[in-house]
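Notes for the structure review
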Amino acid sequence: AQSVSQHNHHVILSEAASLELGCNYSYGGTVNLFWYVQYPGQHLQLLLKYFSGDPLVKGIKGFEAEFIKSKFSFNLRKPSVQWSDTAEYFCAVYYSGAGSYQLTFGKGTKLSVIP
Amino acid sequence: DTGVSQDPRHKITKRGQNVTFRCDPISEHNRLYWYRQTLGQGPEFLTYFQNEAQLEKSRLLSDRFSAERPKGSFSTLEIQRTEQGDSAMYLCASSLVVGATYEQYFGPGTRLTVT
């Protein structure tokens, strides 16, 4: 069965600190990877996506993620966080050609940024 | 494009009652998905539609759950004889699938509380 692991349940950072959130997926073939963000009181929003090509993808609000196939990882990064980045972050994957079109999500990482 | 909308946003019901939720996808999106999210977990796939056809159902979707998407537009998710374990956020997402890659856009969810 497909699975996604997010290593950190809750991360607390001060403003301007650098961020890296870990995400690993189970092997299953050709993957399509996503990071979603859920700000307090808001719905899930797509932060960035990887389908193919350059393994370093850039998303909105200064976020980026790197796909490392050999490590089955898709870690999210931001050089300098802001208080407004306080949110819950979800990594998700679906596998091309698997005959299933469901997204499999990790459990999420809650990020708290202290001003 | 007004995004994915869901109604109601909150529903409180007594155990044993039936409830129905509605989802309006982004217009012209051909796929519609239902997910369930409980506290501390990422969204979990329930079912999806390609136009009006329901093509995949998760084992999480017990016999008490039924979903429809008449005419390939809005969708409804009904839960019969609700149980306290059904308390969760029910999320709807839609996507426009043309090739092998696509992204899902989520609605605000319906929070169900079963007392």
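Shown above is the structure to which this text applies.
Below is a summary of the structure that appears in this document. Computed from a prediction, not measured in an experiment: that's the story for all the values here.

1. Some points on the overall build of chain A
Each helix and strand in chain A was counted, giving zero helices and 12 strands. Going from N to C terminus, chain A has its helices and strands arranged as β-β-β-β-β-β-β-β-β-β-β-β. A compact globule built from 115 residues would reach a C-alpha radius of gyration of about 13 Å, and chain A, at 14 Å, matches this within 12%. Judged by the C-alpha coordinates and their principal axes, chain A covers about 45 × 30 × 20 Å. By residue count, 47% of the 115 residues in chain A fall in the buried class. Counting only contacts in chain A whose residues sit at least 6 apart along the sequence, the fraction spanning at least 24 positions is 56%. Surface exposure of chain A reaches about 5500 Å², of which carbon and sulfur atoms provide 52%.

2. What to know about the interface of chain A and chain B
It is common to give the size of an interface as the accessible area lost on bringing the parts into contact. The interface of chain A with chain B comprises 20 residues on the first partner and 20 residues on the second. Of the roughly 1700 Å² buried between chain A and chain B on both sides combined, carbon and sulfur atoms contribute 54%. The interface formed by chain A and chain B includes one salt bridge. One salt bridge in this structure joins Lys49 of chain A and Glu103 of chain B, with 2.3 Å as the shortest N-O distance. The interface formed by chain A and chain B contains five residue pairs in polar contact (both at pLDDT 80 or more). Listed by contribution, the elements that provide at least two residues to the side of chain A that touches chain B are strand E5 (31-38), strand E6 (45-50) and strand E10 (87-95) of chain A. Of the residues forming the side of chain A that touches chain B, the biggest block, four residues, is contributed by E5 of chain A. Looking at the side of chain A that touches chain B residue by residue, the classes come out as 10 nonpolar, eight polar and two charged.

3. Side note on the environment of Gly53 of chain A
Looking at the element boundaries, Gly53 of chain A is found in the loop between E6 and strand E7 (56-58). Along the sequence, Gly53 of chain A and Tyr89 of chain A sit 36 residues apart, while their C-alpha atoms lie 23 Å from each other.

4. Digging into the pairing of strand E11 (residues 110-114) of chain B
Residues and elements named next belong to chain B. Residues Thr110, Leu112 and Val114 line the buried face of E11, whereas the alternating positions Arg111 and Thr113 sit on a face that is not buried. The pairing of strand E2 (residues 10-13) with E11 spans four bridges and is parallel. Along E11, the bridge assignment pairs His10 with Arg111. As paired strands, strand E9 (residues 88-95) and E11 are joined by three bridges and run antiparallel to one another.

What counts and how
- Residues numbered from 1 in each chain as written.
- Chains lettered and ligands numbered in written order.
- Predicted model: local features only at pLDDT ≥ 70, side-chain atom pairs only at ≥ 80, totals over all residues.
- Heavy atoms only, no water.
- Helix = DSSP H or I, 4+ residues; strand = E, 2+ residues; numbered from the N terminus.
- Rg over C-alpha atoms; globule rule 2.2 N^0.38 Å.
- Buried < 20%, exposed > 50% of the residue type's maximum accessible area, 1.4 Å probe, protein only.
- Contact = heavy atoms within 4.5 Å.
- Areas by Shrake-Rupley, 256 points an atom, 1.4 Å probe, with all protein chains shown as cover.
- Buried area = accessible area lost by both parts, 1.4 Å probe.
- Salt bridge = Lys/Arg side-chain N within 4 Å of Asp/Glu carboxyl O.
- Polar contact = N/O pair within 3.5 Å; in protein donor to acceptor, adjacent residues only side chain to side chain.
- Nonpolar A, V, L, I, M, F, W, Y, C, P; charged D, E, K, R; others polar.
- Pairing = 2+ DSSP bridges.

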